[in-house]
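Below, each chain spelled out in residue letters.
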Amino acid sequence: MGNYYFTTRQLTVGYDGVPLIRDITIDVEQGEIVTLIGPNGSGKSTILKSITRQLRMLGGQVFIASEELKKLTHRALSTKMAVVLTERMKPELMTCRDIVATGRYPYTGRLGILSPADEAKVESAMEAVHALDLANRDFNAISDGQRQRVLLARAICQEPEIIILDEPTSFLDIRHKLQLLSILRGMAKQKGITVIMSLHEIDLAQKISDRILCVRGDHVALSGTPEAVFEESAIRRLYDIDQGYFDPMFGSIELPRPEGEPRTLVLSACGTGIPVYRALQKRGEPFAAAILYTNDVDYRLARLLATEVVEAQPFMPIPDAAFEHAMELVRRCDRVIDAGVAIGETNARMREILEAAKKK
């Protein structure tokens, strides 16, 4: 199995003996974060349930630290792997602390009695996810987001070598999404715990993951580093995006541009145009943007939202063709918005464009 901690070989998963996804190959080093992304119903949860033995594998092999998954006893597996799935637990008469404490059961005797050391680990795990204030509350009486934190604390308390999570951020607000992902990153990078999870928020997946698996149809469509996977056309194909855009540089999702002949020209640079572009888009007004160097942050958004973009190559004087195009837009548009242009030696011709706009 090489130096990989977790591997699958020709894994086939599905339900009731019917294959859904075939020939899944995953190679994960210890302490890496691997994220499955893809449309709803593409099979991400099926893969996770199969590698955690919630579902019977239909083919192939899974290895954890060179040990084959199906040969591990339940107790041995529970000391290596912790699982946080999306199913809603409905335990009766259990506090949040009781739930977290179940993470220690693989290490206790038959009576499940926790030692003082176990109790300390329960306390530490709840503190790690900022859930100490929930300790004595009924698990069924807290919010979905609070439940998610408690279940993560239970997984931490289990002291696993690998943790599997199915959409762990689904019920969390932005503060707790970032908090949870920061905890997972700390577990992976500081403690060497391997993390495999699915996420709907591809912008977060791009920022936290070491490896990405794109799941679509009956196969893994693409896998690799975030830099290799998060390419605009690849994400468009994966999710069948035909309305709007995904910008891999900033991990942002953009609504479609307003269509039509631009009646507004926006002159900007270095981010000054972004709020103007968004305001015009919300109002459904088609607009043009000029003159933008292709390394300018404004250019990244203008190319998605503007109906016309006048561009120039970085660090070069504005060429005649771009200058004439911008002047033609000044003449053609009903208004010109100066969003703020810092003018230097290379873009000195912007002064002439601004003056022409003022005269008109």
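As a reminder, the structure under discussion sits directly above these lines.
Just so we're clear, the structure is a prediction, and the values are computed from it rather than from any experiment. (Residues numbered from 1 in each chain as written. Predicted model: local features only at pLDDT ≥ 70, side-chain atom pairs only at ≥ 80, totals over all residues. Heavy atoms only, no water.)

Attention shifts here to helix α5 (residues 144-157). Taking 1.5 Å per residue, 14 residues should reach 20 Å; α5 reaches 20 Å between its end C-alpha atoms and fits that length. Among the 14 residues in α5, 12 count as buried, and that is most of the element. Among all positions of α5, only G145, Q146, R147, Q148, R149, V150, L151, L152, A153, A155, I156 and C157 are buried. Contact partners of the buried residues in α5: β6 (81-84), α3 (96-101), α4 (116-128), β7 (162-166) and α6 (174-191). Just past α5, the residue E159 takes up positive phi, approximately 50 degrees. (Helix = DSSP H or I, 4+ residues; strand = E, 2+ residues; numbered from the N terminus. Expected span 1.5 Å × (residues − 1). Buried < 20%, exposed > 50% of the residue type's maximum accessible area, 1.4 Å probe, protein only. Contact = heavy atoms within 4.5 Å.)

Time to look at the nonpolar core. I37, L152, I163, M197 and F230 are the most contacted members of the largest nonpolar core, which has 49 residues in total. At 7 residues, the largest contribution of residues to this core is made by α5. Sequence-distant contacts of L152, defined by excluding residues within four places in its chain, comprise V84, V129, I163, L165, L180, I183 and L184. (Core = buried A, V, L, I, M, F, W, Y, C linked by side-chain atoms within 4.5 Å.)

On to the sheet that holds strand β15 (residues 308-312). The sheet built from 4 strands is open, its strands ordered β15-β14-β13-β16 with parallel pairing. Edge positions in the open sheet fall to β15 and β16 (335-340), since each of these has one partner strand only. Mean inter-strand twist for the sheet, computed between neighbouring axes without regard to direction, equals 20 degrees. Taken together, the 4 bridges between strand β14 (residues 287-293) and β15 define a ladder with parallel strand orientation. Residue pairing for β15: L292 is matched across the bridge by E311. Relative to β14, helix α11 (residues 297-305) is tilted by about 150 degrees, and along the sheet it contacts β13 (264-268), β14 and β15. Of the strands in this sheet, β13, β14, β15 and β16 are in contact with helix α12 (residues 320-332), which crosses β15 at around 150 degrees. (Pairing = 2+ DSSP bridges. Axes fitted to C-alpha atoms, helices over the stretch in contact; angles between N-to-C directions.)

This brings us to the sheet that holds strand β5 (residues 67-68). The strand order across the open sheet built from 4 strands is β2-β1-β4-β5, with neighbouring strands paired in antiparallel fashion. Each having just a single partner strand, β2 (18-28) and β5 make up the two edges of the open sheet. Across the sheet, helix α1 (residues 44-51) lies against β1 (6-15), β2 and β4 (59-64), angled at about 115 degrees from β1, the strand it touches most.

The end-to-end C-alpha distance of α12 is 18 Å, a good match for the 18 Å that 13 residues give at a rise of 1.5 Å each. Along α12, the residues classified as buried are A322, F323, A326, M327, L329 and V330. Across the axial projection of α12, the buried residues extend over an arc of 155 degrees, all falling on one side. What points out from α12, more than 90 degrees from its buried face, is the exposed set D320, A321 and R331. (Arc of directions from axis to C-beta.)

On to the packing of aromatic side chains. All told, the structure shown has 2 aromatic pairs when counted by the stated rule. Ring geometry for F230 versus F246: centroids 5.9 Å apart, planes at 45 degrees, classification tilted. Linking F230 in the loop between α8 (226-229) and α9 (232-239) with F246 in strand β11 (residues 245-247), this pair joins segments that are 16 residues apart in sequence. Its relative accessible area of 4% is what places F230 among the buried residues. (Phe/Tyr/Trp six-rings, centres within 6.5 Å; stacked < 30°, edge-to-face > 60°.)

Attention now moves to the packing of α12 against helix α13 (residues 350-359). With their axes 10 Å apart at the nearest point, α12 and α13 run at an angle of 15 degrees to one another. As judged from the angle between their axes, α12 and α13 are roughly parallel. Crossing of α12 over α13 shows right-handed handedness. For the pair formed by α12 and α13, the contact residues are F323, A326, M327 and V330 on the first element and E352, I353, A356 and A357 on the second. Of the residues contributing to the contact of α12 with α13, the split by class is 7 nonpolar, no polar and 1 charged. (Parallel < 35°, antiparallel > 145°, perpendicular 65-115°, else oblique. Left-handed = near helix turned anticlockwise from the far one by under 90°. Nonpolar A, V, L, I, M, F, W, Y, C, P; charged D, E, K, R; others polar.)

Along strand β3 (residues 33-37), 5 of the 5 residues are buried, which leaves the element largely enclosed by surrounding structure. Covered by surrounding structure in β3 are I33, T35 and I37 together with V34 and L36, the residues of both alternating faces. Both β3 and strand β8 (residues 194-198) contribute to a ladder of 4 bridges, which runs parallel. Opposite L36, over in β8, you have S198 as the bridge partner. For β3 and strand β9 (residues 211-216), the ladder comprises 4 bridges, and the chain directions are parallel. Directly across from T35, in β9, lies its bridge partner I212.

Nothing here speaks to function; it is all geometry.
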